[in-house]
Amino acid sequence: MKQIYTHENIVILHSIRNILAMNDIESFVKNEHTIPAGARHGINNIFHELWILNDQDYDKAAALIDTEIENPIVRDPWVCGDCNEENEGSFDVCWKCQSVPA
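Keep in mind that what you see is a predicted model, and the values were worked out from it rather than measured.

Asks: Can you walk me through the nonpolar core in this structure?
Replies: It is characteristic of soluble globular proteins that their nonpolar side chains tend to be buried jointly. Counting 12 residues, the largest nonpolar core is built from Ile-4, Tyr-5, Leu-13, Ile-16, Leu-20, Ile-25, Val-29, Leu-50, Ile-52, Ala-61, Leu-64 and Ile-65. Elements that contribute at least two residues to this core include exactly strand 1 (2-7), helix 1 (10-22), strand 3 (48-52) and helix 3 (58-70). Beyond its immediate stretch of four places on either side in the chain, Ala-61 contacts Ile-4, Leu-20, Ile-25 and Ile-52.

Spelled out as structure tokens, the structure:
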């Protein structure tokens, strides 16, 4: 087991955990339930941690975090071929008619 990422926002960690799971990398969040006690210990002393279970997945997980979270590729907006609606580059499906770009 190795720690791969630390963040104060639990939502960010769970998003990363989902990205890793979609790439067959097992992980878990540590210190998830410690924030209520944070006031007693100093809120800045408690961080949520993401750990991977298999050490051999570390490099692949680090690369995914880098490309998906730290330095994501910014894609240009696109126009739907079915309804002519402009969509943000982050959309894989048209938000208006749910068509997939060609």
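Picking up after the structure, the text goes on.
Asks: How should I be thinking about the packing of aromatic side chains in this particular structure?
Replies: The geometry of an aromatic ring pair comes down to the distance between the two centres and the angle between the two planes. This structure, assessed with the given rule, holds 0 aromatic pairs. Positioned over the ring face of Tyr-58 is Lys-2, at 5.1 Å from the centre of the ring.

What counts and what doesn't
Sequence order as written defines the numbering, with residues in each chain counted from 1. Local features in this predicted model are restricted to residues of pLDDT 70 or higher, and side-chain atom pairs are both shown and tallied only at a pLDDT of 80 or more, whereas totals for entire chains, interfaces and linings draw on every residue. The side-chain quantities take in all heavy atoms of the structure and omit both hydrogens and water. For the purposes of this section, nonpolar cores are sets of buried Ala, Val, Leu, Ile, Met, Phe, Trp, Tyr and Cys residues that join through side-chain atoms within 4.5 Å. Classification of residues uses two cut-offs on accessible area relative to the type maximum, computed with a 1.4 Å probe and protein chains only: under 20% is buried, over 50% is exposed, and between them is partly exposed. The helix and strand labels rest on DSSP assignments: H or I over at least four residues marks a helix, E over at least two residues marks a strand, and numbering proceeds from the N terminus. In this analysis, two residues are considered to be in contact whenever any of their non-hydrogen atoms come within 4.5 Å of each other. Each Phe, Tyr or Trp ring, with Trp reduced to its six-membered ring, pairs with another whose centre is within 6.5 Å; inter-plane angles below 30 degrees give stacked pairs, above 60 give edge-to-face pairs, and intermediate values give tilted ones. Working rule: Lys NZ or Arg CZ, within 6 Å of ring centre, within 35 degrees of ring normal, means a charge sits over the ring.

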